[in-house]
Each structure stands twice: as structure tokens, then as C-alpha cells.
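Geometric and topological summary
Here is what each chain is made of, one letter per residue.
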Amino acid sequence: MVVARRWIQCKPFQGAATLECFQLIEEELPGLKNDEILIEALYLSVDPYMRVYPIQVDKTPIALQVARVKESKNAAYPVGKLVLAMVGWRDKTVLHPDQFNPYYVPRFAPEKTISELPDLGDFPSSLYLGILGMPGLSGYFGLLRQCRPKKGDVVLISSAASAVGSVAGQIAKLKGCTVIGSAGSQKKIDWLKSLGFDYVFNYKETTLDEALQTFAPDGIDCYFDNVGGSYSQTALNALKPRGRMCCCGYISAYDTLNHQLDSMKDDLLLKIMVNELSVSGLMVLSFEDEFQEALSEMAQWIKENKLKYKETIFEGFTKMPEALLEIFQGTAVGKLIVKA
Ligand SMILES: NC(=O)C1=CN([C@@H]2O[C@H](COP(=O)(O)OP(=O)(O)OC[C@H]3O[C@@H](n4cnc5c(N)ncnc54)[C@H](OP(=O)(O)O)[C@@H]3O)[C@@H](O)[C@H]2O)C=CC1
Ligand SMILES: CCCCCC(=O)/C=C/[C@@H]1[C@@H](C/C=C\CCCC(=O)O)[C@@H](O)C[C@H]1O
């Protein structure tokens, strides 16, 4: 008989989570059926998103773990094999390696519970939960694909000492950027300096406004957001024209909520992040080099009656103010023109 332990959330979150919200329980595991395996956790990831993830399995919060096969009735999973398993806060689990992931949500969790460890060479297996796992990949793709840093750019990273932020900031350095990072303790500040961050500050002692006045008086080119809220509003305001922002996290809010994010459903940054929205500002003169090509294409569409137009023409130069007011009264259809 194998006894497993798992944590359950025994009380609802009401504001900041407390230890009393969790209870450790024991349960006897069933014997293995054909093709099943018994795995034992070696390392479990602890991630901010666990506080708000919409699914628990029998009240057990989500977690990815590095686990070792302890018993097996599946030739493909011999005893001793290491796997990544999204089985939650459990120390031992009996499962079929191909089972559907009970924590599955499209875009948020994979369909399968078990996945292979990446074949990357001789690294401690715990790294596959951090820098060589989801957090590291978040820093990598969030910075390179969404911030798109260029050599010489000024890049701001919030929660810069976090698993995600520390990767994003180091990659920004590798790309030749000037990197500003914030964190909440001197120990983290010292670590960031050792990583080569150009400027670091403790956001609990220095406001972002003050830090940017000193470190980036001309503004920033990229902002890698891990925190949301007023910090991110300030960072947004500091972005230069055509600056880029990655909405990666909103940790300033997770532990202030009841279990779900519903109470923040209209928050712009949260919606952009969770729905992975691409939002871009436009000032059309930025496309001036392409105007001739665009006008030729539209002229051809008009000739082919594929693109149509309307005009509302006010007669006489003296009608300018009346025409402008008309725009906001909105009764005229089509482009407003004054025939002088
Ligand atoms: N979009 C995605 O796919 C992913 C997004 N993320 C997000 O990245 C961010 C970092 O995650 P991860 O690296 O795993 O985190 P870590 O657990 O490594 O670090 C979290 C840090 O966040 C800071 N923090 C905690 N509470 C607050 C608060 N109320 N206000 C401001 N900062 C706070 C603390 O550092 P300090 O206060 O010292 O800065 C804490 O150490 C999170 O927002 C997370 O949701 C993570 C993984 C994937
Ligand atoms: C707003 C929740 C946290 C978002 C940032 C983050 O840490 C993402 C982590 C993902 C995670 C999905 C997490 C939560 C999505 C639930 C949001 C909701 O609408 O309820 C998972 O996909 C692994 C990390 O990439």
C-alpha cells in the first residue's frame, strides 16, 4: 500500500492567501493497472499564477513537478525515468502516462498531464521548472518577440529578480540594451547588479517615477511588465514613441483577489495579457514611405468598384466652423469637405 500526500485549498482566498487556506491530507493510492505508473515528486514548481488559476483537482492547486517513476506497468516509462507531470501539489501519483490533463484550459495548460524533460544536456532537473522551463521561456519570448529590443534600447523590467524577469533582463543585456530593473530587497538588487543590469532600484524605497527621472530621463524603449497596476501605468507613460511593452504578469493584483480574476475583468492590461492581445498605436505619417504604394492600390480598388466612398460637401469657405461642428453632431455621412 502506498500513501500519498497532497495539499488542498481548504478555505477560500479572501484577500491575501494565508497558511490556513491550505491543508495537507494523506490518501492511499490504488495499485497500478496495466500501462499505469507511480511517480514521486522530486521538485515542484511554485508560480504566482497558482493563486488565480481557475481549476483545482479535488481542491488541489495546479503545479508542474519533476517526478521520478517509482513503479511501472508501462514499458515506455521504466522505473527511474524522470518526467514533467502537471499533477498539482502532490508528492506521489498513480496515473496513465497518456492521461488527459485535468488542469487543462486552452492556452493555459497542455492537454496531456505528463511531458518529457527537454533533452538539453546535464542540468539539474529543477531547472526545467524555472530558467529552462515555463518561466524562462516566458522571459525569452516575452522580451524577444513582444519587446523586440534593438541594440542600444533602454529596457525596463519590473520584478526583475523574479524567475521570469531575471531572464528577460539578462537577455536584454545580451542584445546590447541598457537595462533597468526593480525589485523589493537589497539582496535582489545586489544580485541584479551581479547579473549586469545597468541600473537597479528598490521599488519599495524609490518610486518608478524617481528612478526613471534618474536612469532614463529621455524615456524607455521597452517595458517588460510583471506587475501591472500603477507601476505599469507609470512605465507606459515613460515609453518613447514606438516603444514596446510585454504584458507578461500582473502580480500586484493576484493576492488581493478572491480566487478568480473576475473582479478585474475590465482591467485593460490584464485583458491584453490574459487574452494575448496585440494592441498597436497608429500615427499614419509613420507609413509615409509606403503612401504611394497604398494610394495606388486603393485607386485601383476604386476603379474596380471594390472600394467605395461618400462625401458631404458644404458650399463656401464661410461654412468651415459649421462643417467642423457637423463632425461631432454626426448627421452627415462620409468625408466632410468644404467647397471654397
Ligand atoms: N505570461 C506568462 O506566460 C507568464 C507570466 N508570469 C508572470 O511573471 C511574473 C513573475 O513570475 P515568476 O518569475 O514566476 O515569479 P517569482 O515567484 O520568481 O517572483 C515573484 C516576485 O514578484 C514580486 N511580487 C510579489 N508580490 C508583489 C506585489 N504585490 N507587487 C509587486 N511585486 C510583487 C516579488 O519580488 P519583488 O517584490 O522583490 O520584485 C516576488 O519575489 C508574475 O507576474 C507572473 O504572473 C510567469 C510565468 C508565465
Ligand atoms: C492572470 C493570471 C496570471 C497570468 C500571468 C501568468 O503568470 C501566466 C502564467 C501561465 C499559466 C496560465 C495562468 C493563468 C491563466 C488563468 C487566467 C484566467 O483568466 O483565469 C500557464 O499557462 C503557465 C503560464 O504560462
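Residues numbered from 1 in each chain as written. Chains lettered and ligands numbered in written order. Predicted model: local features only at pLDDT ≥ 70, side-chain atom pairs only at ≥ 80, totals over all residues. Heavy atoms only, no water.

If you check an unreviewed UniProt entry, the chain appears there as 15-oxoprostaglandin 13-reductase from Biomphalaria glabrata.

**Description of the sheet that holds strand 4 (residues 65–72)**
Sheet strands line up and pair through hydrogen bonds in the backbone, either parallel or antiparallel. Across the sheet, 5 strands lie side by side as 6-3-4-5-7; this open sheet has antiparallel pairing. Because the sheet does not close on itself, it has two edges, and the strands there are strand 6 (92–95) and strand 7 (114–115). Summarising the sheet, strand 5 (residues 82–85) and strand 7 pair through 2 bridges and their orientation is antiparallel. By the bridge assignment, Ala85 is partnered in strand 7 with Ile114. (Pairing = 2+ DSSP bridges. Helix = DSSP H or I, 4+ residues; strand = E, 2+ residues; numbered from the N terminus.)

**A few points about the packing of aromatic side chains**
Per the stated rule, a full pass over the model turns up 8 aromatic pairs. With centroids separated by 5.3 Å and ring planes inclined at 75°, the aromatic side chains of Phe100 and Tyr104 adopt a geometry described as edge-to-face. Residue class for Phe100 comes out partly exposed when judged on its relative accessible area of 49%. Following the ring pairs from residue to residue traces out a cluster consisting of Phe13, Phe22 and Trp89. (Phe/Tyr/Trp six-rings, centres within 6.5 Å; stacked < 30°, edge-to-face > 60°. Buried < 20%, exposed > 50% of the residue type's maximum accessible area, 1.4 Å probe, protein only.)

**Digging into the site of ligand 1**
The local shell around ligand 1 holds 19 residues, among which Gly184, Lys188, Tyr203, Asn226 and Tyr254 are the closest. In this structure, an oxygen atom belonging to ligand 1 sits 2.5 Å away from a side-chain N or O atom of Tyr254. For ligand 1, whose unbound accessible area comes to 910 Å², protein coverage reaches 71%. Taken together, the elements giving at least two residues each to the shell around ligand 1 come down to helix 1 (134–147), helix 2 (163–174) and helix 6 (251–254). The greatest single-element share of the shell around ligand 1, amounting to 3 residues, is contributed by helix 6. (Near = heavy atom within 4 Å. Polar contact = N/O pair within 3.5 Å; in protein donor to acceptor, adjacent residues only side chain to side chain. Areas by Shrake-Rupley, 256 points an atom, 1.4 Å probe, with all protein chains shown as cover.)

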